[in-house]
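Each chain, letter by letter, is given below.
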Amino acid sequence: MALLSVQNETKRFGGLLANDAISFDVKEGELLAVIGPNGAGKTTLFNVISGFFPPTTGSIHFDGRDITGASPHRVASSGLIRTYQLVQLFKQLTVLENVEIGSHRVTEGGVFSALLRPPSMRRQEEEVRATARELLRFVGLEKQADMPADSLPYGRQRLLEVARALAAKPRLLLLDEPAAGLNMQETAALAEVIRRIHAGGTTVILIEHDMSLVMQIAQRIVVLDFGRKIAEGTPDEIKAHPDVIAAYLGGTETLDA
Amino acid sequence: MIPWRTLLPIAAAIVLTGIGLLSGSYAVTVLGFAFIYTIFCTGLNFFMGYTGQASFGQSAFAAIGGYGSAILCADYGWGPLPALIVTMVISGIAALLVGYPTLRLRGHYLAMATFALGLIVYEISIEWTSLTQGYMGYSGVPPLSLLGYELGTVEQQLVALLVLALFGIFISNRLRQSRFGRALAAIAGSEAAARALGIDIARCKLIAFVIAALYASAAGSLFAHFVGFISPEVFGVTMVVQSFAMLYLGGIGTTWGPMIGAIIVSILPEALRGLQEMQDIAYTAILIFILIFAPRGLAGLSSLFARGKSRKLEEA
Ligand SMILES: Nc1ncnc2c1ncn2[C@@H]1O[C@H](COP(=O)(O)OP(=O)(O)OP(=O)(O)O)[C@@H](O)[C@H]1O
Ligand SMILES: [Mg+2]
């Protein structure tokens, strides 16, 4: 059974059809890329899947449950974690604190446990910190742990956002153009990070403009153009797909990879 | 074990209280107000500093605490402690009822809604004369008593207020260094990111608002007992303006900022009294001077000494 199932999802903004009857499935453990020219509706698709916008019509099922129209924090609580095309960090907090907050979904405790601090709570706090440090090591930010998040260069902020999302132990991770604004080395490092996240068993959907990155790591690709799904298949199938070539020839981007 | 950043402010507050006790009852009164405001601002800091929301209506909850305690103790013979607790519960429920719809509003809508709340409670305290005695105010509120022992002198009450203020700061700091506290910091930092990590924003804001109301209510009750008299003016707009000055001066979002700000804003006008007509100018000049040279508040200055070590920005 599919981990995520998008069925006939349509999102209309006034007269604009940002997503037009999109359907696809993602299996557990898969790494799917969503590509398409600017304005094709990729981020909108993420916003709908993660509950930030309700779809105009259609449905979203995650892990067998209908999450259509559920609020973002509920969707996230169930293990579907997204990152942002424009990084959204807790700028005033340190790098480590950013990742610690990511653990919210997989930890417990409210006001009373905060006041009473039972041993289980202290243990949990230690684990939160240890996991955060481990994740910073994973993305190569351990040396910057105590720096304010907004003092990081942009490329590293993106990595921090990924580490923070991982702290939530996602079952499905949605990455919205994680390589945007990264240089070649940074992109290579990011590709390695994504590959390892996937190898660790996490299902990933990746929106990306960097075609070489997509062709390298994606198992399957969904192509959007003007809000519609115009193709779906393996990287090789997509490269040879006439509609895809047409869509990209019409625009400024190319499929050269 | 306990870091100097914690010990130093506690020691300073104790020394200041000692000096106050030796300087006569006027100094004791001024310091007593400072500690009551410390409690009020610590709660406000929870909502504004830690959670990053604006409320201009906290005075409403101080009024509930103040009038509630005054009425329960003076008219119904309740003990101050049960009255304090019951009025805190009432304020908490009021905050829940008011916060549930308004906290869904964003930015300045929330600020306006809370401001209206403060004005409404102020009007009620003036108009509902059968309950509040209107402009006349409410007198004859007994002094604080703890465990059946009445704190008859202002000196005894000052010590009690110091302990309560420190206790309030302790609680707020403990709440902050927790999963719940992290969720609040997340909301203050980026609501979009907080939401994407599964944080229930409306719920967290509501809890923070209720906590702030509990502090405000306690401060209102303590004021009534300390002065023995309350009137609508006590919980008017001045209280809001005053507490904002304290919060920003002391350092919003820091643990000790509310206390530092409350003490300075309370003491400064008294210290400048000798300047007579220049007093207001000097007072304003000093406040502006502090805000220019310590834009993150006085508590933020301690990070200057902590450079190089793990620079935990928020832990000043
Ligand atoms: N909140 C919104 N309100 C109105 N229109 C929107 C909104 N969000 C997106 N759109 C429009 O929907 C269309 C699809 O936008 P979307 O951001 O999903 O594209 P995208 O594929 O992510 O593009 P890019 O590659 O530039 O990030 C665009 O025309 C955009 O202007
Ligand atoms: Mg986009």
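These remarks concern the structure in this document.

1. Here we look at the overall build of chain B
(1) Moving on: When its secondary structure is counted, chain B shows 14 helices and 4 strands.
(2) Moving on: Since a compact globule built from 316 residues should have a radius of gyration of about 20 Å, the 19 Å found for chain B is in line with a globular shape.
(3) Moving on: Dimensions of chain B along its principal axes, counting C-alpha atoms only, are 50 × 45 × 40 Å.
(4) Moving on: Taking all 316 residues of chain B together, 53% fall into the buried category.
(5) Moving on: Taking as baseline every contact in chain B between residues at least 6 positions apart, the subset at least 24 positions apart corresponds to 74%.
(6) Moving on: Taking the average place of the 16 positive charges on the side chains of chain B and the average place of its 13 negative ones, the gap between the two points comes to 22 Å.

2. Remarks on the coordination of the magnesium ion (ligand 2)
Residue and element names in this part refer to chain A.
(1) Moving on: Donor atoms from the polypeptide that coordinate the magnesium ion (ligand 2) comprise Thr43 (OG1) and Gln85 (OE1), at 1.9 to 2.1 Å from the metal. One end of the pair, Thr43, is in helix H1 (residues 42-49); the other, Gln85, is in the loop between strand S6 (80-82) and helix H3 (95-102), with 42 residues separating them in the sequence.
(2) Moving on: For Thr43, a relative accessible area of 26% translates into the label partly exposed.

3. Remarks on the sheet that holds strand S5 (residues 65-66) of chain A
All names here are of chain A.
(1) Moving on: The strand order across the open sheet formed by 4 strands is S2-S1-S4-S5, and the pairing between neighbours is antiparallel. At either end of the open sheet lies a strand with only one pairing partner, and these are strand S2 (16-27) and S5.
(2) Moving on: Where strand S4 (residues 57-62) meets S5, 2 bridges bridge the pair, whose relative direction is antiparallel. Of the residues in S5, the one forming a bridge with His61 is Asp66.

4. Quick look at the sheet that holds strand S10 (residues 228-233) of chain A
Residue and element names in this part refer to chain A.
(1) Moving on: Ordered by their spatial adjacency, 6 strands build an open sheet running S6-S7-S8-S3-S9-S10, and the pairing between neighbours is mixed. In this open sheet, the two edge strands, each paired with only one partner strand, are S6 and S10. Each neighbouring strand pair of the sheet contributes to a mean axis angle of 15°, computed without reference to strand direction.
(2) Moving on: Sheet topology note: the strand S7 (residues 172-176)/strand S8 (residues 203-207) ladder contains 5 bridges and is parallel. Its bridge partner being in S8, Asp176 is matched across the sheet by Ile207.
(3) Moving on: H1 rests against strand S3 (31-35), S6, S7, S8 and strand S9 (220-225) of the sheet, and its axis sits at about 150° to S7.

5. As for the nonpolar core
(1) Moving on: Counting 127 residues, the largest nonpolar core has Leu160 of chain A together with Phe35 and Met259 of chain B as its most contacted members.
(2) Moving on: The leading source of residues in this core is helix H10 (residues 201-227) of chain B, at 17 residues.
(3) Moving on: In this view, Phe35 of chain B contacts Ala13, Thr17, Leu158, Leu161, Leu162, Ala165, Met259 and Ile263 of chain B; residues no more than four positions away in its chain are not counted.
(4) Moving on: Listed in part, the 24 residues of the second largest apolar core include Ile22, Leu45, Ile49 and Ile60 of chain A.

6. Looking at the pattern of salt bridges
Residues and elements named next belong to chain A.
(1) Moving on: All chains considered together, the criterion is met by 12 salt bridges over all chains.
(2) Moving on: The partner of Glu161 in a salt bridge is Arg164, with the nearest N and O atoms 3.6 Å apart. Taken together, the residues Glu161 and Arg164, both in helix H6 (residues 154-167) and 3 residues apart, mark about one turn of the helix.
(3) Moving on: Connected via shared salt-bridge partners are Glu30, Arg220, Lys229 and Glu232.

Rules and cut-offs
Residues numbered from 1 in each chain as written. Chains lettered and ligands numbered in written order. Predicted model: local features only at pLDDT ≥ 70, side-chain atom pairs only at ≥ 80, totals over all residues. Heavy atoms only, no water. Helix = DSSP H or I, 4+ residues; strand = E, 2+ residues; numbered from the N terminus. Rg over C-alpha atoms; globule rule 2.2 N^0.38 Å. Buried < 20%, exposed > 50% of the residue type's maximum accessible area, 1.4 Å probe, protein only. Contact = heavy atoms within 4.5 Å. Lys, Arg positive; Asp, Glu negative; His and termini not counted. Charge placed at Lys NZ, Arg CZ, Asp CG, Glu CD. Donors = N, O, S within 2.8 Å, 3.2 Å for Na, K, Ca; no water. Pairing = 2+ DSSP bridges. Axes fitted to C-alpha atoms, helices over the stretch in contact; angles between N-to-C directions. Core = buried A, V, L, I, M, F, W, Y, C linked by side-chain atoms within 4.5 Å. Salt bridge = Lys/Arg side-chain N within 4 Å of Asp/Glu carboxyl O.

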